[in-house]
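Each chain, written out:
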Amino acid sequence: MKLRRCISIFAIALVGCVLGNGPNAFGQAEVADGFQSLFNGTDLSGWVIPEGDGGHWKVVDGVIDYDAMSEASGDKNLKTEQEFTDFILKIDWRLKQTTGLMDIPVVLSDGTYLTDRSGNKITIKRPNADSGVYLRGDSRAQLNIWCWPIGSGEVYGHRNNPKTPPEIRAALTPRLNADKPVGQWNRFEIILVDDRVTVMLNDQLVLENAQLPGLPEKGPIVLQHHGGMRDGEYSPASSLIQFKNIWIKPLD
């Protein structure tokens, strides 16, 4: 009986490793729930690497690693070969380090900015790094990953646009900052139905059924390049980031 139990434990651990998640990760639950893996933990099969990238999007120790240094002349983002409509997406991410100080504005709960008496944005210098996840390949529907006090998961492309209706801007502003400190792993759980997105970050609800105007009906999942070298140093909002445990469950 002891031998049989040991074999069973080994088999469960092996399944987790084959799925690119390791023996103690989330793979068993995702498979049982009908999810499919978008990252095998070994290479970038199933992903479109930017032409001329130069090896900057790569797999290191079982995770997708990026150094914000893609040599591609055009689009520097990494995207899935597959396109999706409605889905639940689970993705773990961590910012490896910040890349300098940035003048960061104070975002209010309605998606607008705190200003002084003259109407100028009030900013505070803070360390920053920046990446994100594009939904259906739409840069306007990017869930930000960064160090702003408002927290990750906000949709800058619409929230920052003063032409966006106020109720939509407010809905695309995180309810709370659920980020873990730089260097630690975070988990997005993203539910997209039609043009409405709900986002949980580290089990905290940050966006609820928020509208994404003009969202394409179908498109890839995109991991964002941002920043890079400027005058021999990283710009203060560069995407020094890693991703792992990427699972998707189509809902259509």
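Everything that follows concerns the structure shown earlier in this document.
Residues numbered from 1 in each chain as written. Predicted model: local features only at pLDDT ≥ 70, side-chain atom pairs only at ≥ 80, totals over all residues. Heavy atoms only, no water.

Q: Could you clarify how one ought to interpret the nonpolar core in this entry?
A: Considering soluble globular proteins, one finds that nonpolar side chains tend to be buried as a cluster. Counting 44 residues, the largest nonpolar core has Ile64, Leu89, Leu135, Phe188 and Phe243 as its most contacted members. Secondary structure elements with two or more residues in this core: strand E4 (63–67), strand E6 (87–95), strand E9 (130–135), strand E10 (138–146), strand E11 (186–193), strand E12 (196–201), strand E13 (204–211) and strand E17 (240–250). Core analysis: the second largest hydrophobic core is formed by 6 residues, Val107, Trp146, Trp148 and Ile150 among them. (Core = buried A, V, L, I, M, F, W, Y, C linked by side-chain atoms within 4.5 Å. Buried < 20%, exposed > 50% of the residue type's maximum accessible area, 1.4 Å probe, protein only. Helix = DSSP H or I, 4+ residues; strand = E, 2+ residues; numbered from the N terminus.)

Q: Hey, could you run me through the side chain of Asn202 in this one?
A: Take Asn202: it is sitting in the loop between E12 and E13. Side-chain polar atoms of Asn202 contact the backbone oxygen of Ala178, separated by 2.9 Å. Here Asn202 is in contact with Ala178, Asp179, Lys180, Trp185, Asn186 and Arg187, once residues within four sequence places are set aside. (Polar contact = N/O pair within 3.5 Å; in protein donor to acceptor, adjacent residues only side chain to side chain. Contact = heavy atoms within 4.5 Å.)

Q: Looking at this model, I keep getting lost on the sheet that holds E10. Mind explaining?
A: In any sheet, the strands associate via hydrogen bonds between backbone groups, in a parallel or an antiparallel arrangement. Read from one edge of the open sheet, 5 strands run E2-E5-E14-E9-E10, paired in antiparallel fashion. Among the strands making up the open sheet, the edge pair consists of strand E2 (47–48) and E10. Pairing geometry for E9 and E10, over 6 bridges, is antiparallel. Counted as the bridge partner of Ser131 is Ile145 from E10. (Pairing = 2+ DSSP bridges.)

Q: In this structure, what is going on with unusual backbone geometry? I would like to understand it.
A: Glycine aside, residues mostly have negative phi angles, and peptide bonds mostly take the trans form. We note that Asn202 has phi near 50°; this positive angle belongs to a residue other than glycine. Classification of Asn202 as buried rests on a relative accessible area of 17%. In this model, Asn245 sits at a positive phi of 45°, which is unusual for a non-glycine residue. In this fold, Asn245 is placed in strand E17.

Q: Is there a simple way to explain the packing of aromatic side chains in this structure?
A: Describing an aromatic ring pair means giving the distance of the ring centres and the angle of the ring planes. This structure, assessed with the given rule, holds 6 aromatic pairs. Note on Trp57 and Tyr66: the rings are 3.9 Å apart at their centroids and 10° apart in plane angle, and the pair reads as stacked. Taken individually, Trp57 and Tyr66 each receive the classification buried, so the pair is uniform in this respect. Aromatic side chains Phe84 and Phe87 sit 6.3 Å apart centroid to centroid with 75° between the ring planes, which places their arrangement in the edge-to-face category. Classification of Phe84 by relative accessible area gives buried; the value is 4%. Chaining the aromatic ring pairs together yields one cluster made of Trp146, Trp148 and Tyr156. A cation sits over an aromatic face here: Lys90 above Phe35, 4.9 Å from the ring centre. Across from the ring centre of Trp185, 4.3 Å away, lies the NZ or CZ of Lys244, which sits over that ring. (Phe/Tyr/Trp six-rings, centres within 6.5 Å; stacked < 30°, edge-to-face > 60°. Lys NZ or Arg CZ within 6 Å of the ring centre and 35° of its normal.)

Q: Sorry, what's going on with the environment of Asp86 here?
A: Looking at where Asp86 falls in the secondary structure, it is placed in the loop between strand E5 (78–80) and E6. Sequence spacing of Asp86 and Val197 is 111 residues, and the spatial spacing of their C-alpha atoms is 9.7 Å. Reaching out from Asp86, the side chain makes a polar contact with the side chain of Arg136 at a distance of 2.8 Å.

Q: Please explain a nonpolar patch on the surface as it appears in this structure.
A: A contiguous nonpolar patch, built from Leu108, Leu114 and Ile122 and spanning about 200 Å² of accessible area, is present on the exposed surface. Tracing the sequence through the fold places Leu114 in the loop between strand E7 (101–105) and strand E8 (123–127). (Patch = residues over 30% accessible without salt bridge, like charges linked within 9 Å, V, L, I, M, F, W, Y side chains within 5 Å. Areas by Shrake-Rupley, 256 points an atom, 1.4 Å probe, with all protein chains shown as cover. Salt bridge = Lys/Arg side-chain N within 4 Å of Asp/Glu carboxyl O.)

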